[in-house]
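So the chains spell out like this:
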Amino acid sequence: EQPIPIEQGYCRKWNSEETVQIGYAARLVRQQKRADLLVDLIAYLELKNLDYVFNIAGEGECAYDLIEYVRANKLDKKVRLWGRLPKEEMPDFWKKQDIFVNVSEYEGTSLSMLEAMSYECVPVTTDVSGAAEFIRENVNGYICKVGDIGGVASCVEKLLGDRRKLISYGQQCRKIIQERCNPEQYIDYWIRYI
């Protein structure tokens, strides 16, 4: 369990007319994060002719390939590369996203995922440590096999095609984070433990 700041009074305003925003925030590296697979994910989304905007925050060796792919395929209106964002800007980043994507090969419980979920972003992630602790399949998100970019794309497609599901899953995400990652309850837990 990780304490995540919960913005009190936050109420997401959903608009069924707006293009769904997909968010990724992590190092753009091949090892562990498998950011090299983001190009494949974008290619799948394009092959399915989906309406989305993919916001990518991070820096690393895979950034160049992403920039080149976006430029070569004229996707600058659909894929936005934000570079590395300071930690204090991440809440505003997550508030604008509808779906959280993670394609990592391995990692501990993703703090980015928990932060995104606290703002009602629906996770579509690979089966890395901690994902199953917070994601209930067909309740608040999807977990795919590591490396299964086609599966990740299919799960994103399901959410893009059903706004009611996207909203319901997002609300469940926030509720789970409020219940399990509330910093005040986290401190109480450790006080009782000690």
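See the structure printed just above.
Reference entry: report on the structure contained in this document. The shown structure was predicted, so the numbers you read here are calculated from the model rather than taken from an experiment.

**Structural notes on the nonpolar core**
If you look at the biggest cluster of nonpolar residues, it comprises 36 residues, and the most contacted ones within it are L38, L41, L45, Y52, F54, I56 and I99. With seven residues, helix α6 (residues 149-160) is the largest single contributor of residues to this core. The residues contacting I56, other than those within four sequence positions of it, are Y24, L28, L38, I42, L66, V79, R80, L81, W82 and G83. I4, Y10, L114 and M117 belong to the second largest nonpolar core, which has 23 residues in total.

**Thoughts on the pattern of salt bridges**
Under the definition given, this model contains twelve salt bridges. Close ionic contact of E7 with K95 constitutes a salt bridge, the shortest N to O distance being 2.9 Å. Placement of the pair is E7 in the segment before β1 (20-25) and K95 in helix α3 (residues 90-95), with a sequence separation of 88 residues. With its nearest N and O atoms 3.1 Å apart, the salt bridge here joins D36 to R30. Looking at D36, the relative accessible area reads 17%, which means it is buried. By sharing partners, the salt bridges in this structure join R30, R34, D36 and E105 into a single network.

**What about the side chain of Q32?**
Inspection of the secondary structure puts Q32 in the loop between β1 and α1 (37-47). Among the residues examined, Q32 registers a relative accessible area of 18% and is labelled buried. Within polar-contact distance, the side chain of Q32 engages the side chain of R27 at 3.0 Å.

**So, the pairing of strand β3 (residues 79-83)**
Across four bridges, strand β2 (residues 52-57) lies against β3 in parallel orientation. Considered in β3, the bridge of I56 is made with L81. Handedness of the crossover is the feature at issue here: the chain leaves β2, passes through helix α2 (residues 63-72), returns alongside β3, and the resulting connection is right-handed.

**So, the packing of aromatic side chains**
Tallied over the entire structure, the rule returns four aromatic pairs. Ring centres of Y10 and Y119 lie 5.1 Å apart, and the angle between their planes is 90 degrees; on these two criteria the pair is classed as edge-to-face. A residue pair is termed long-range when its members are at least 10 positions apart, and Y10 in the segment before β1 and Y119 in the loop between α4 (111-118) and β5 (122-126) qualify at 109 residues. Between F93 and W94, the aromatic rings sit 5.0 Å apart at their centres with planes inclined by 75 degrees, giving edge-to-face as the arrangement. Looking at F93, the relative accessible area reads 6%, which means it is buried. The exposure class assigned to W94 is buried, which follows from its relative accessible area of 0%. If you follow R12 out to its NZ or CZ, it ends over the ring of W14, 4.2 Å from the centre. Sitting over the face of the ring of F134, R180 holds its NZ or CZ atom 4.3 Å from the ring centroid.

**A few points about the environment of I99**
With respect to the helices, strands and loops of the structure, I99 is situated in strand β4 (residues 99-102). Residue classification places I99 among the buried positions, given a relative accessible area of 0%. Between the C-alpha atom of I99 and that of G141, which follows or precedes it by 42 residues, the distance is 9.0 Å.

Here is what the cut-offs are and how they apply
Residues numbered from 1 in each chain as written. Predicted model: local features only at pLDDT ≥ 70, side-chain atom pairs only at ≥ 80, totals over all residues. Heavy atoms only, no water. Core = buried A, V, L, I, M, F, W, Y, C linked by side-chain atoms within 4.5 Å. Buried < 20%, exposed > 50% of the residue type's maximum accessible area, 1.4 Å probe, protein only. Helix = DSSP H or I, 4+ residues; strand = E, 2+ residues; numbered from the N terminus. Contact = heavy atoms within 4.5 Å. Salt bridge = Lys/Arg side-chain N within 4 Å of Asp/Glu carboxyl O. Polar contact = N/O pair within 3.5 Å; in protein donor to acceptor, adjacent residues only side chain to side chain. Pairing = 2+ DSSP bridges. Right-handed = clockwise from strand over helix to strand, strands pointing away. Phe/Tyr/Trp six-rings, centres within 6.5 Å; stacked < 30°, edge-to-face > 60°. Lys NZ or Arg CZ within 6 Å of the ring centre and 35° of its normal.

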